Amino acid sequence: MKALIIGGGGFVGPYLVNHLADDLGYDVTVTKTAKETLQMDKAKVVDLDILDRQQLDTVLSQERPDYIFHLAAQSSVAYSWKNPALTIDVNVKGCVNVLDSIRDLDYKPRTLLIGSGEEYGHIREGECPINEENNVRPGNIYAATKSCQNMLGKIYADAYDLDIIMVRAFNHIGPNQAPMFVVSDFCKQVADIEKGEKEPVMYVGNLSAKRDFTDVRDVVKAYALLVEKGVRGETYNVGTGHALPIQDILDQIISLSDKQIEVKVDPNKLRPVDVPIIEPDITKINAQTGWKPQIPLKQTLEETLNHWRAVQ
Ligand code: A2R
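About the criteria used
Residues numbered from 1 in each chain as written. Predicted model: local features only at pLDDT ≥ 70, side-chain atom pairs only at ≥ 80, totals over all residues. Heavy atoms only, no water. Near = heavy atom within 4 Å. Polar contact = N/O pair within 3.5 Å; in protein donor to acceptor, adjacent residues only side chain to side chain. Areas by Shrake-Rupley, 256 points an atom, 1.4 Å probe, with all protein chains shown as cover. Nonpolar A, V, L, I, M, F, W, Y, C, P; charged D, E, K, R; others polar. Domains from an automatic or database assignment. Contact = heavy atoms within 4.5 Å. Buried area = accessible area lost by both parts, 1.4 Å probe. Salt bridge = Lys/Arg side-chain N within 4 Å of Asp/Glu carboxyl O. Helix = DSSP H or I, 4+ residues; strand = E, 2+ residues; numbered from the N terminus. Buried < 20%, exposed > 50% of the residue type's maximum accessible area, 1.4 Å probe, protein only. Axes fitted to C-alpha atoms, helices over the stretch in contact; angles between N-to-C directions. Parallel < 35°, antiparallel > 145°, perpendicular 65-115°, else oblique. Left-handed = near helix turned anticlockwise from the far one by under 90°. Phe/Tyr/Trp six-rings, centres within 6.5 Å; stacked < 30°, edge-to-face > 60°.

1. Here we look at the site of the ligand
Right, on to step 1. Close to the ligand lie 20 residues, the nearest being Thr33, Glu36, Ser75, Tyr142 and Lys146.
Right, on to step 2. Here an oxygen atom of the ligand and a backbone polar atom of Val12 are 2.8 Å apart.
Right, on to step 3. Within the side chain of Thr33, a nitrogen or oxygen atom sits 2.7 Å from an oxygen atom of the ligand.
Right, on to step 4. Coverage of the ligand by the protein chains reaches 84% of its 780 Å² of free accessible surface.
Right, on to step 5. Its residues placed into classes, the shell around the ligand shows 10 nonpolar, six polar and four charged.

2. Some thoughts on the domain arrangement of the chain
Right, on to step 1. Partitioning the chain into structural domains gives domain 1 (2-173 + 215-241 + 281-289) and domain 2 (182-209 + 243-279 + 297-310).
Right, on to step 2. Centre-to-centre, using C-alpha coordinates, domain 1 lies 27 Å away from domain 2.
Right, on to step 3. With 17 residues of domain 1 at the contact, the number on the domain 2 side is 13 residues.
Right, on to step 4. Three residues stand out in domain 1 for area buried against domain 2, namely Trp81, Cys128 and Ile173, and they jointly supply 33% of the buried area on that side.
Right, on to step 5. Remark: the boundary between domain 1 and domain 2 carries one salt bridge.

3. A closer look at unusual backbone geometry
Right, on to step 1. For the bond from Cys128 to Pro129, the omega torsion is -5°, close enough to zero to count as cis.
Right, on to step 2. Tracing the backbone shows Pro129 in the loop between strand 5 (110-116) and helix 5 (141-159).
Right, on to step 3. Despite not being glycine, Asp161 has its phi angle at roughly 60°, a positive value.
Right, on to step 4. Here Asp161 lies in the loop between helix 5 and strand 6 (164-169).
Right, on to step 5. Classification of Asp161 as partly exposed rests on a relative accessible area of 39%.
Right, on to step 6. Unusually for a residue other than glycine, Asn176 sits at a positive phi of about 85°.
Right, on to step 7. With respect to the helices and strands, Asn176 occurs in the loop between strand 7 (172-173) and helix 6 (182-194).

4. A word on the packing of helix 6 against helix 10 (residues 297-310)
Right, on to step 1. Put simply, helix 6 and helix 10 touch, their axes get as near as 8 Å, and they point 50° apart. With respect to helix 10, the axis of helix 6 lies oblique. The two elements helix 6 and helix 10 meet at a crossing, and its hand is right-handed. Where helix 6 abuts helix 10, its residues Val183, Ser184, Cys187, Lys188, Val190, Ala191 and Glu194 lie against Leu301, Thr304, Leu305, Trp308 and Arg309.
Right, on to step 2. Among the residues making up the contact of helix 6 with helix 10, the classes are represented as seven nonpolar, two polar and three charged.

5. Things to note about the side chain of Ser76
Right, on to step 1. With respect to the helices, strands and loops of the structure, Ser76 is situated in the loop between strand 4 (67-70) and helix 3 (77-82).
Right, on to step 2. At 3.3 Å, the side chain of Ser76 and the backbone nitrogen of Ala78 are in polar contact.

6. A short note on the pattern of salt bridges
Right, on to step 1. In total, this model carries 19 salt bridges according to the counting rule given.
Right, on to step 2. One salt bridge in this structure joins Lys154 and Asp158, with 3.3 Å as the shortest N-O distance. Taken together, the residues span about one helical turn, with Lys154 and Asp158 both in helix 5 at a distance of four residues.
Right, on to step 3. What makes Asp158 partly exposed here is its relative accessible area of 49%.
Right, on to step 4. Notably, a salt bridge pairs Arg217 with Glu303, separated by 2.7 Å at the nearest N-O pair. A residue pair is termed long-range when its members are at least 10 positions apart, and Arg217 in helix 7 (residues 216-229) and Glu303 in helix 10 qualify at 86 residues.
Right, on to step 5. Taking relative accessible area as the criterion, Arg217 reaches 23% and is therefore assigned partly exposed.
Right, on to step 6. Exposure remark for Glu303: the relative accessible area of 27% places this residue in the partly exposed category.
Right, on to step 7. The network of salt bridges with shared partners includes Lys2, Lys44 and Glu63.

7. Some points on the environment of Thr31
Right, on to step 1. By the element assignment, Thr31 lies in strand 2 (residues 27-32).
Right, on to step 2. According to the relative accessible area criterion, Thr31 is buried, its value standing at 1%.
Right, on to step 3. Along the backbone, Thr31 and Asp47 are 16 residues apart, and their C-alpha atoms lie at a distance of 5.4 Å.

8. So, the packing of aromatic side chains
Right, on to step 1. One pass over the full model with this rule turns up four aromatic pairs.
Right, on to step 2. Pairing Tyr156 with Tyr160 gives two aromatic rings, centres 4.9 Å apart and planes at 65°, and the pair type is edge-to-face.
Right, on to step 3. Looking at Tyr156, the relative accessible area reads 8%, which means it is buried.
Right, on to step 4. Relative accessible area serves as the criterion here: at 35%, Tyr160 is assigned to the partly exposed category.

Structure follows, in structure tokens:
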């Protein structure tokens, strides 16, 4: 099988390459942005800006993949508040470019669009664990763009008969994640404190929000199973099904260190609108593909902390 990962130079891409190439024996091509550095011995790497339709046409017609994993995005909620226009350009216009480029091919590659649990937004009492049929009420710019991507995916599948499957991925974590995401941020702060590079104070945002955290290595297995076994035009939640307060995650990370660490709220880390609980129902993906996450949270937290401890 030949796979194309669009936007593979970020956090998830290299894990997906490893799984597809090593575990499944796929022939993998991965795209990165011109400013990114990505060296992969298991995959061919090409530069691609999804806002450039011509570049997209060239890559797709040269590669002719069986499966496309569309990961490219402005993926930070925090940054989406600061730069809504760029977030909308990349996540909506960029996605439309990908879909239109696929539409112009003379065959129909199976395509996975990666959305987000954030799409559900303001989840009401009794709606959790939330399933794919629930209303979406996006509470931030990033979520709105991902929800739009999901709707476009469904419309392109139905109206243009494209072989598209949509995912709503809940928070995924693991070594090498950028420190603008909460678990990586906390682990980096602990590692910096241990190295003596920072006072023994942990700066945090909203600790009462409940989120569902899945190891990225489990997440990429879900993606691979979905292109193999998912149903065209359908959306699948990907998460553990068990949301935890950020406070619990913080306590677990701090307990992995022998340093005495004080916790202080940093108003800059509080988001303009925060959704109190986001917890998925993962019955659908489990029934369709047999997927469920395997890696315990403690292992992911330890490995993420160890990653930051090793960074010079
Ligand atoms: O912004 P950069 O240079 O770091 O590149 C990101 C890339 N990207 C693009 N690729 C092609 N054309 C563009 N115009 C463009 N803008 C951004 O998408 C980055 O390498 C990649 C996304 O990687 P991350 O931000 O690390 O996201 P992650 O955690 O790998 O998540 C993958 C997907 C995203 O769609 C998330 O929204 C979703 O899973 O949760």
